[in-house]
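Now for the letters of each chain:
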Amino acid sequence: MTQPTTESRIDRLEAIAETVLLAIQQQQQQIQSNQVELRSTQTEMRQSIEDVVRMIATLAESADEDRQLMIGMQTSITGMQTENRRILDHLLNNRSDS
């Protein structure tokens, strides 16, 4: 009687060991699949970040160019205001003299 019981226990243990082994193999395959997917996602994220950094750099360059244009316009406007003031003063002085 002890012999069949021992054999049945061994059979059950073998079945459990096979089940555990299959589960471990499936887990390993899932882990490998997840690692491949993670690497792909990381690559895509790096590319997206690089794209955003390039866009920011382009916008910064554009802002610098716009700032330089505005400074030039401001200088021109100040010069025109000064010239207009001189002309107005000259006209007003001519009128007062008349």
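Refer to the structure presented above.
This one's a predicted model, so the numbers in the text were calculated from it and none came from an experiment.

Q: What is the right way to read the pattern of salt bridges from this model?
A: A side chain of one charge can pair with a side chain of the opposite charge if their charged atoms are brought near each other. For the coordinates displayed, the defined rule picks out four salt bridges. Between R54 and D51 there is a salt bridge, with its nearest N and O atoms 2.4 Å apart. With R54 and D51 both in helix α1 (residues 2–97) and three residues apart, this pair spans about one turn of that helix. Here D64 ties to R67 by a salt bridge, and the two come within 2.7 Å at their closest N and O atoms. Within this pair, D64 and its partner R67 are both found in helix α1, separated by three residues, close to a single helical turn.

Q: Help me understand the environment of G79, please; the structure alone is not making it clear to me.
A: Tracing the backbone shows G79 in helix α1. Taking relative accessible area as the criterion, G79 reaches 39% and is therefore assigned partly exposed. As for G79 and Q30, which are separated by 49 residues in sequence, their C-alpha atoms are 73 Å apart.

Rules used throughout
- Residues numbered from 1 in each chain as written.
- Predicted model: local features only at pLDDT ≥ 70, side-chain atom pairs only at ≥ 80, totals over all residues.
- Heavy atoms only, no water.
- Salt bridge = Lys/Arg side-chain N within 4 Å of Asp/Glu carboxyl O.
- Helix = DSSP H or I, 4+ residues; strand = E, 2+ residues; numbered from the N terminus.
- Buried < 20%, exposed > 50% of the residue type's maximum accessible area, 1.4 Å probe, protein only.

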